[in-house]
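# Fold and contact review
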Amino acid sequence: MSRALASPSLAVQRGILGAVLLIACWEGTARGLHLPAYVLPAVSDILVGLWAKRAILIDAAGYTLLEAFAGYGLGCLIGIGLAVAIALVPALRSAILPLATAINSVPVVGYSPLILLWFGIGISSKIVMVAMAVSFTILLSMLAGLDRVDRRAVDLMRSFGASRFGVLWRLRLPTALPLLLAGMRVSTVRSVIVAIVTEMLGAQGGLGWVIYQAVLQIDFVQVWSAIFVASAASLAFFGLIGFLERKILFWT
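Residues numbered from 1 in each chain as written. Predicted model: local features only at pLDDT ≥ 70, side-chain atom pairs only at ≥ 80, totals over all residues. Heavy atoms only, no water.

The protein chain is annotated in an unreviewed UniProt entry as ABC transporter permease subunit of Bradyrhizobium rifense. Looking at the Subcellular location (unreviewed entry) heading of the UniProt record, one finds this comment for the protein chain: "Cell membrane". Under the heading Sequence similarities (unreviewed entry), UniProt records this for the protein chain: "Belongs to the binding-protein-dependent transport system permease family." (UniProt positions renumbered as here; feature names shortened; annotations may be inferred.)

So this is what it looks like as structure tokens:
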């Protein structure tokens, strides 16, 4: 028990130590070699720029996270819904999986011109793009979890008169939870990345829009400040889903 409690604390300490060493090396390299800002600005300069533009960056982060959260939730619903439909009607697998694979064989950014044309440069297009990126990962994770169930357990429940939905609810869904939550955790970072990249191609706000504007103004410290905020937002989102995963899968 004590070992289980000590393990997360030790991991956090190592993570903090690694971050401190990385920042120290970054600062020393940028200062020691007198690197220009467009190559690699010093961390201290980035933090000063971040503080100076904190109001803009906080608003942009909130805009991007709204897109990421909404698209993430929609993508999870789509992915889980399709996986459950396939589990209840196995004949759908041969129709849904090839189509989903074909759509996701093209990078999500490749659909950006069409999505922006159909939904505009507002928040709707970003939500759709994030949902497209997340739904496929959730679909595959959910299907892998549903398929890992022991067939003997399914046959046993069927022998007691359980329906296909009863088997799904009482056996297959609990079995699929670990893989589903792992897929949801991985998808958090992807949702923020897709939202930011799509904002660079056309948006009314967000961190991607801030980065694009800073590049046009040749303000590379501002670019790095926005990247720092985006990284912090991604880590927070990842940590939130990881926390929920540990609470739900308390027996693991």
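Next, the rest of the story.
### Some points on the overall build of the protein chain
Across its full length, the protein chain carries 10 helices and zero strands. Counting from the amino terminus, the protein chain carries its helices and strands in the arrangement α-α-α-α-α-α-α-α-α-α. C-alpha atoms of the protein chain, sized along the principal axes, occupy 75 × 55 × 25 Å. In the protein chain, buried positions account for 37% of the 252 residues. Of the contacts formed within the protein chain by residues at least 6 apart in sequence, a portion of 73% connects residues at least 24 apart. Accessible area of the protein chain: about 14200 Å², with a carbon and sulfur share of 73%. (Helix = DSSP H or I, 4+ residues; strand = E, 2+ residues; numbered from the N terminus. Buried < 20%, exposed > 50% of the residue type's maximum accessible area, 1.4 Å probe, protein only. Contact = heavy atoms within 4.5 Å. Areas by Shrake-Rupley, 256 points an atom, 1.4 Å probe, with all protein chains shown as cover.)

### Regarding helix 4 (residues 93-104)
The end-to-end C-alpha distance of helix 4, which contains 12 residues, comes to 16 Å, matching closely the 16 Å that a straight helix rising 1.5 Å per residue would cover. Along helix 4, the residues that are buried comprise I96, L97 and A100. Take helix 4 and look down its axis: the buried residues cluster within an arc of 90°, on one side only. Away from its buried face, by an angle of more than 90 degrees, helix 4 presents the exposed residues S94 and L99. Close packing links the buried residues of helix 4 with helix 3 (54-88) and helix 6 (123-147). (Expected span 1.5 Å × (residues − 1). Arc of directions from axis to C-beta.)

### Remarks on the packing of aromatic side chains
In total, this model carries four aromatic pairs according to the counting rule given. For the ring pair W26 and W224, a centre distance of 5.1 Å and an interplane angle of 75° mean the geometry is edge-to-face. Linking W26 in helix 1 (residues 2-32) with W224 in helix 10 (residues 220-248), this pair joins segments that are 198 residues apart in sequence. For the pair W26 and F228, a centre-to-centre distance of 5.7 Å together with 75° between the ring planes defines the contact as edge-to-face. Of the two residues, W26 sits in helix 1 while F228 sits in helix 10, which places them 202 residues apart along the sequence. By relative accessible area, W26 is classed as buried at 17%. (Phe/Tyr/Trp six-rings, centres within 6.5 Å; stacked < 30°, edge-to-face > 60°.)

### As for the nonpolar core
In this structure, Y72, L139, L146, M184 and L207 are the most contacted members of the largest nonpolar core, which totals 44 residues. If one sorts the elements of this core by residue count, helix 6 sits on top with 10 residues. Excluding residues within four positions of it along the chain, L207 makes contact with L57, A60, A61, T64, I196, E199, A226, V229 and A230. Formed by six residues, the second largest nonpolar core is a distinct cluster that contains W26, A42, V43 and I46. (Core = buried A, V, L, I, M, F, W, Y, C linked by side-chain atoms within 4.5 Å.)

### So, the pattern of salt bridges
In this structure the tally under the stated criterion is five salt bridges. Two residues, R31 and E27, come together in a salt bridge whose shortest N-O distance is 3.1 Å. Of this pair, R31 and E27 both sit in helix 1, four residues apart, roughly one helical turn. Take R31: its relative accessible area is 42%, and that puts it in the partly exposed class. Here R93 and D147 are joined by a salt bridge, their closest N and O atoms 3.2 Å apart. One end of the pair, R93, is in helix 4; the other, D147, is in helix 6, with 54 residues separating them in the sequence. (Salt bridge = Lys/Arg side-chain N within 4 Å of Asp/Glu carboxyl O.)

### Details of the packing of helix 4 against helix 6
Two numbers describe how helix 4 lies on helix 6: the axes approach to 10 Å, and their chain directions differ by 140°. In this view, helix 4 runs oblique relative to helix 6, as classed from their interaxial angle. In the packing of helix 4 onto helix 6, the handedness of the crossing is left-handed. Listed contacts from helix 6 to R93, I96, L97, A100, T101, I103 and N104 of helix 4 are M132, F136, L139, L140, L143 and D147. Residues that form the contact of helix 4 with helix 6 fall into these classes: nine nonpolar, two polar and two charged. (Axes fitted to C-alpha atoms, helices over the stretch in contact; angles between N-to-C directions. Parallel < 35°, antiparallel > 145°, perpendicular 65-115°, else oblique. Left-handed = near helix turned anticlockwise from the far one by under 90°. Nonpolar A, V, L, I, M, F, W, Y, C, P; charged D, E, K, R; others polar.)

### With respect to the side chain of S112
Along the polypeptide, S112 turns up in helix 5 (residues 112-119). Ignoring anything within four residues of it in the chain, the contact list for S112 reads M129 and L201.

### Examining the packing of helix 3 against helix 9 (residues 207-216)
Each pair of packed helices can be summarised by the angle the axes make with each other and by the distance between the axes. Running from N to C, helix 3 and helix 9 cross one another at 130°; their axes reach a closest spacing of 7 Å. When the axis of helix 3 is compared with that of helix 9, the two are oblique. Only L207, G208 and V210 of helix 9 make contact with helix 3, whose side of the interface consists of I56, L57, A60, A61 and T64. Broken down by class, the residue content of the contact of helix 3 with helix 9 amounts to six nonpolar, two polar and no charged.

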